[in-house]
Amino acid sequence: MHHIKLKVNGIQVEKTVGDNRRLLDFLREDLQLTGTKEGCSVGECGACTVIVNSKAVCSCLLLAAQCDGAEISTIEALAADEVGKRLQQEFVRHGGVQCGFCTPGVLMSTKALLDKHPNPDDSQLAEALEGNLCRCTGYQPIIKSIKAALKP
């Protein structure tokens, strides 16, 4: 067992977690932050992407104990973020959301990119999204949505 202290969506959290408790399960089950989705469980699909210390990561591959002292943002935090709100609006407007299962991970990967590069070029955008699989959109509506969110 590990006692961890971390900040999740701006709120300080202290919990005791088991040695093999994944960050994904900690967020969904212990903190009831169910916007983060479990897809493949092996870090291939990106559905579980969250931001840990400013970096987009697959929460299914990280143990909660490894996040002691970390700052974590989940999809739930985007509602209070101006960039996040704009991204969500444009995803709806331009069809970047279809079934919606991959959307939280895509949005978190995009948010991590935009925090570092507010005006990314096409190659930066492609690189940021390469770990996020979407079976519905064909990616063009996702790219169109992101680009629309970048416009003033």
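Structure's up top.
Rules behind the numbers
- Residues numbered from 1 in each chain as written.
- Predicted model: local features only at pLDDT ≥ 70, side-chain atom pairs only at ≥ 80, totals over all residues.
- Heavy atoms only, no water.
- Helix = DSSP H or I, 4+ residues; strand = E, 2+ residues; numbered from the N terminus.
- Rg over C-alpha atoms; globule rule 2.2 N^0.38 Å.
- Contact = heavy atoms within 4.5 Å.
- Areas by Shrake-Rupley, 256 points an atom, 1.4 Å probe, with all protein chains shown as cover.
- Lys, Arg positive; Asp, Glu negative; His and termini not counted.
- Charge placed at Lys NZ, Arg CZ, Asp CG, Glu CD.
- Pairing = 2+ DSSP bridges.
- Axes fitted to C-alpha atoms, helices over the stretch in contact; angles between N-to-C directions.
- Parallel < 35°, antiparallel > 145°, perpendicular 65-115°, else oblique.
- Left-handed = near helix turned anticlockwise from the far one by under 90°.
- Nonpolar A, V, L, I, M, F, W, Y, C, P; charged D, E, K, R; others polar.

**A short note on the overall build of the protein**
So, step 1. Counting its regular elements, the protein contains five helices and five strands.
So, step 2. Starting at the N terminus and walking to the C terminus, you meet the elements of the protein as β-β-α-β-β-β-α-α-α-α.
So, step 3. Whereas a compact globule of 152 residues would reach a radius of gyration of roughly 15 Å, the protein reaches 15 Å, a difference of no more than 12%.
So, step 4. Along the longest, intermediate and shortest principal axes, the C-alpha atoms of the protein span 45 × 30 × 25 Å.
So, step 5. Summarising the internal contacts of the protein: among those between residues at least 6 apart in sequence, 54% fall at separations of at least 24.
So, step 6. Working note: accessible area of the protein is about 8000 Å², and carbon and sulfur atoms make up 49% of it.
So, step 7. When the 17 basic and 18 acidic side-chain charges of the protein are each reduced to a single mean position, those positions are 5 Å apart.

**A short note on the pairing of strand β1 (residues 2-8)**
So, step 1. Summarising the sheet, β1 and strand β2 (residues 11-17) pair through seven bridges and their orientation is antiparallel. The partner of I4 across the bridge, within β2, is K15.
So, step 2. What sits between the antiparallel neighbours β1 and β2 is a turn of two residues, in which N9 has the positive phi angle 55°.
So, step 3. With two bridges connecting them, β1 and strand β5 (residues 71-73) associate as parallel partners. From the neighbouring strand, V8 faces β5, where its bridge partner is I72.

**Observations concerning the packing of helix α4 (residues 122-129) against helix α5 (residues 140-150)**
So, step 1. Closest axis-to-axis distance for the α4/α5 pair is 12 Å, and the angle between their directions is 120°. What the angle tells us is that α4 and α5 run oblique. When you trace α4 past α5, the crossing you get is right-handed. On α5, the residues that touch D122, L125 and L129 of α4 are I142, I143, I146 and K147.
So, step 2. Considering only residue class, the contact of α4 with α5 consists of five nonpolar, no polar and two charged.

Any functional reading would require information that these geometric values do not contain.
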